[in-house]
Each structure stands twice: as C-alpha cells, then as structure tokens.
Amino acid sequence: MKKSEIVLQYIDITGKEKRGIIKRKEFLERMENFKVNYPSNNKISSELVKVIPYIDTIMIDKSRARDTPFIIYVIDKRVSWLDINANHRKIWKCLENYCKQSN
C-alpha cells in the first residue's frame with residue numbers, strides 16, 4: 001500500500017474546481033466496513049477496497065450530466081473509472097464529505 005495520501009480533484013456542480021486530499025488508511029477502512037456490513041450489496045465497496053491501496057488521484061466531476069455517476073482514478077499514470085450508481089448513497093456521502101473538505 002502506498003504511504004502517500006490520495007489527491008482529490010473535484011469539480012462542483014457550478015464548474016468550480018477544488019483540490020484536496022483523502023487519507024488513504026481512513027478511506028480504505030470505511031470501504032472495508034461497507035463491504036462487510038452490506039454483503040448483499042457490496043460490489044462497489046469491494047472494488048474500491050482493491051484499488052484504494054494503489055490510487056494516486058481520484059477525480060469527481062459533479063458538473064457533468066450523466067445517467068450513472070462515476071469517479072475517475074489514477075494509478076501509476078493509468079487512468080480508470082468506476083461507475084457508482086446514485087443509489088449507493090453511503091459511498092457517495094463519504095466521497096462528498098471529502099469534497100466538502102477540499103479547498
């Protein structure tokens with residue numbers, strides 16, 4: 001697992017860009033908790049648990065209109081994305097809390 005924090009790039013609904021950090025260990029623990037506590041609906045948290053140890057950057061663009069919300073993440077300069085349906089409210093709430101903490 002990388003020791004550095006995860007860089008967060010966030011574009012809010014108005015198009016304003018914000019930057020922040022996500023504490024890797026804390027984020028991983030939250031997703032592991034979701035994975036364990038929601039065994040019948042843990043596909044997204046399971047996927048995040050696999051990649052959080054390696055992520056360099058997470059990008060969230062709330063200004064884009066799209067049927068299925070998503071995050072973009074970068075691992076060693078390789079860009080990937082993960083669709084996260086809006087009904088995954090707890091995961092989105094966690095991510096939005098990180099966004100609120102960004103400047």
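In what follows, the accompanying structure is described. Just so you know, these numbers come straight off a predicted model, no measurement behind them.

Quick word on the overall build of the protein chain
Stage number 1. Within the protein chain, the regular secondary structure consists of three helices and five strands.
Stage number 2. Counting from the amino terminus, helix and strand elements in the protein chain follow one another as β-β-α-α-β-β-β-α.
Stage number 3. A compact globule built from 103 residues would reach a C-alpha radius of gyration of about 13 Å, and the protein chain, at 13 Å, matches this within 12%.
Stage number 4. Considering only C-alpha atoms, the protein chain reaches an extent of 35 × 30 × 25 Å along its principal axes.
Stage number 5. By residue count, 38% of the 103 residues in the protein chain fall in the buried class.
Stage number 6. Here the analysis covers contacts within the protein chain between residues at least 6 apart in sequence; of these, 47% occur between residues at least 24 apart.
Stage number 7. For the protein chain, the exposed area adds up to about 6700 Å²; of that, 50% sits on carbon and sulfur atoms.
Stage number 8. Of note, the protein chain has its 21 positive side-chain charges centred 2 Å away from the centre of its 13 negative side-chain charges.

Regarding the sheet that holds strand S1 (residues 6–11)
Stage number 1. Read across the sheet, five strands follow the order S2-S1-S3-S4-S5 without closing on themselves; strand pairing throughout is mixed. What marks the edges here is a single partner per strand, and that holds for strand S2 (17–22) and strand S5 (78–83). With direction set aside, neighbouring strand axes in the sheet form an average angle of 20°.
Stage number 2. Relative to strand S4 (residues 70–75), strand S3 (residues 57–61) runs antiparallel, the two sharing three bridges. Within S4, the position partnered with Ile-58 by the bridge is Tyr-73.

Looking at the side chain of Ser-45
Stage number 1. Locating Ser-45 in the fold gives a position in helix H2 (residues 43–51).
Stage number 2. Taking the relative accessible area as the measure of exposure, Ser-45 reaches 2% and is therefore buried.
Stage number 3. At a separation of 3.2 Å, a polar atom in the side chain of Ser-45 contacts the main-chain carbonyl oxygen of Asn-42.
Stage number 4. Ignoring anything within four residues of it in the chain, the contact list for Ser-45 reads Met-31, Phe-34, Lys-35 and Ile-91.

Focus on the side chain of Ser-80
Stage number 1. If you trace the backbone, Ser-80 turns up in strand S5.
Stage number 2. When near neighbours in sequence (up to four residues on either side) are disregarded, Ser-80 contacts Ile-71, Ile-72 and Tyr-73.

Quick notes on the rules
Think of each chain on its own: its residues are numbered from 1, step by step along the sequence as written. Totals for whole chains, interfaces and linings use every residue, but because this is a predicted model, local features are given only for residues with pLDDT of at least 70 and side-chain atom pairs only at 80 or more, for both listing and counting. Where side-chain values are given, they derive from all heavy atoms of the structure, hydrogens and water being excluded. By the criteria applied, helices consist of DSSP H or I runs no shorter than four residues and strands consist of E runs no shorter than two, each listed in order from the N terminus. Just to be clear, the radius of gyration here is over C-alpha atoms, and the globule rule we use is 2.2 Å times residues to the power 0.38. The buried label goes to any residue with under 20% of its type's maximum accessible area, the exposed label to any with over 50%, and the partly exposed label to all in between, with areas taken from a 1.4 Å probe on protein chains only. It only takes one pair of heavy atoms within 4.5 Å for two residues to be counted as in contact. The accessible surface values rely on the Shrake-Rupley method and a 1.4 Å probe; as for residues, cover is taken only from the protein chains in view. Within this scheme the basic residues Lys and Arg register as positive and the acidic residues Asp and Glu register as negative, but His and the chain ends are omitted. Lysine's charge is taken at NZ, arginine's at CZ, aspartate's at CG and glutamate's at CD. Any two strands are treated as partners once DSSP identifies two or more bridges connecting them. Comment: axis = line fitted to C-alpha atoms, over the contacting stretch for helices; angle = value between 0 and 180 degrees taken between N-to-C directions. Throughout this description, a polar contact denotes any pair of N or O atoms lying within 3.5 Å of each other; where both atoms belong to protein, one of them has to be capable of donating a hydrogen while the other can accept it, and for residues adjacent in sequence the pair is counted only when both atoms sit in side chains.

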